[in-house]
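Here's the letter readout for the chains.
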Amino acid sequence: MRGIVTIDGPSASGKSSVARRVALALGVPYLSSGLLYRAAALLALRAGVDPGDEKGLLALLETFRVRLLPKPEGNRVVAEGASGQEDLTPHLHTPEVDRVVSLVARHPGVRAWVNARLKEVPPPFVAEGRDMGTAVFPEAPHKFYLTASPEVRARRRTLERPQDYGEVLRELIRRDELDRAQSAPAPEAIVIDTSGMALEEVVARVLSHLQD
Ligand code: DC
């Protein structure tokens with residue numbers, strides 16, 4: 001395969017797992033854009049920068065060199081700052097980061113910062129996120145959009161978080177609302193509702209479209 005495959009969709013729609021497996025089957029890397037938003041949120045939390053303060057966030061991000069490393073077994077994010085280099089990956093999927101990441105991600109300057117990091121990676125690759133097929137790689141020849149009901153997504157996410165189902169569902173619905181602006185599917189994207197599907201079925205469906 002040459003070029004770019006985009007897989008967008010709301011949180012816990014299965015994007016990351018599907019993107020990783022599709023990329024593996026194609027023999028190309030995958031890029032998880034949400035990790036870069038999560039890294040920006042984590043750095044802001046640690047530095048005590050208000051997630052609503054775009055100027056403060058951009059000034060903070062300038063003091064680090066942040067890179068997304070597209071490893072086949074899972075993406076990693078490393079940050080190099082005044083106190084050396086750190087792998088941020090283990091700290092990115094926490095309830096604290098979940099809570100502020102949408103607020104950080106709504107700033108155009110932060111979105112431009114993430115998109116610049118993504119564009120540092122040479123194609124071919126599979127990119128997953130919210131706006132990969134619309135804003136970041138509109139030229140991609142293959143676009144997918146995964147959906148699933150909030151209940152199914154909350155059930156999946158509860159397996160990965162210390163919170164209970166009710167709290168995860170409330171947070172997820174709140175985040176859907178905050179992320180709505182950048183979460184519309186590209187008009188030409190193939191939409192797959194993964195609610196009743198196993199991961200392998202979704203992967204097979206995506207791959208079947210790529211062979212057409
Ligand atoms: O996919 P995720 O849950 O790891 O994404 C974390 C947050 O980052 C999500 O709440 C919205 C934001 N995000 C975004 O705005 N645009 C993207 N392309 C990817 C993620």
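Look up: the structure comes first, before these words.
Here's a quick rundown of the structure. Computed from a predicted model, the values in this text were never measured in an experiment.

**Quick notes on the overall build of the protein**
Logical step 1: Helix and strand counts for the protein stand at nine helices and eight strands.
Logical step 2: The globule rule puts the C-alpha radius of gyration for 212 residues at 17 Å, and the 16 Å found for the protein is close to it.
Logical step 3: Judged by the C-alpha coordinates and their principal axes, the protein covers about 50 × 40 × 30 Å.
Logical step 4: In the protein, buried positions account for 50% of the 212 residues.

**Some remarks on the sheet that holds strand S7 (residues 142-147)**
As a general point, the strands of a sheet are linked pairwise by backbone hydrogen bonds and lie either parallel or antiparallel.
Logical step 1: Strands sit in the order S2-S6-S1-S7-S8 across an open sheet of five strands; the sheet is parallel. A strand with exactly one partner marks an edge of an open sheet, and here the two such strands are strand S2 (30-32) and strand S8 (190-193). Within the sheet, the average angular offset between the axes of one strand and its neighbour, ignoring direction, is 20°.
Logical step 2: The sheet contact formed by strand S1 (residues 4-8) and S7 spans four bridges and is parallel. The residue bridging Val5 from the neighbouring strand is His142, located in S7.
Logical step 3: Helix H2 (residues 33-47) rests against S2 and strand S6 (125-129) of the sheet, and its axis sits at about 35° to S2.

**What to know about the environment of Leu207**
Logical step 1: One can find Leu207 in helix H9 (residues 199-211).
Logical step 2: Not counting chain neighbours up to four residues away, the residues in contact with Leu207 comprise Val22, Ala25 and Leu26.

**Regarding the sheet that holds strand S4 (residues 76-81)**
Logical step 1: Within the open sheet, the three strands sit side by side as S3-S4-S5. Their pairing is antiparallel. Looking at the sheet topology across the chains shown, the edges are occupied by strand S3 (65-69) and strand S5 (84-87). Averaged over neighbouring strand pairs, the angle between their axes works out to 20° when direction is ignored.
Logical step 2: Bridge count for S4 against S5 is four bridges, and the pairing is antiparallel. Its bridge partner being in S5, Gly81 is matched across the sheet by Gly84.

What counts, and at which threshold
Along each chain, residue indices are assigned from 1 in the same order as the chain's sequence is written. For a predicted model such as this one, the threshold for reporting local features is a pLDDT of at least 70, and the threshold for listing and counting side-chain atom pairs is 80 or more; totals across whole chains, interfaces and linings nevertheless cover every residue. Just so you know, side-chain values use all the structure's heavy atoms and leave hydrogens and water out. The way it works is that DSSP assigns letters per residue, a run of H or I at least four long becomes a helix, a run of E at least two long becomes a strand, and they are numbered from the N terminus. For a compact globule the rule gives 2.2 Å times the number of residues to the power 0.38, and the radius of gyration it is set against comes from C-alpha atoms. The buried label goes to any residue with under 20% of its type's maximum accessible area, the exposed label to any with over 50%, and the partly exposed label to all in between, with areas taken from a 1.4 Å probe on protein chains only. Here the rule is simple: two strands pair whenever DSSP picks up at least two bridges between them. Lines fitted to the C-alpha atoms define the axes, with helices restricted to the stretch that makes contact. Angles between their N-to-C directions range from 0 to 180 degrees. The contact definition used throughout considers only heavy atoms, calling two residues in contact when any of these lie within 4.5 Å.

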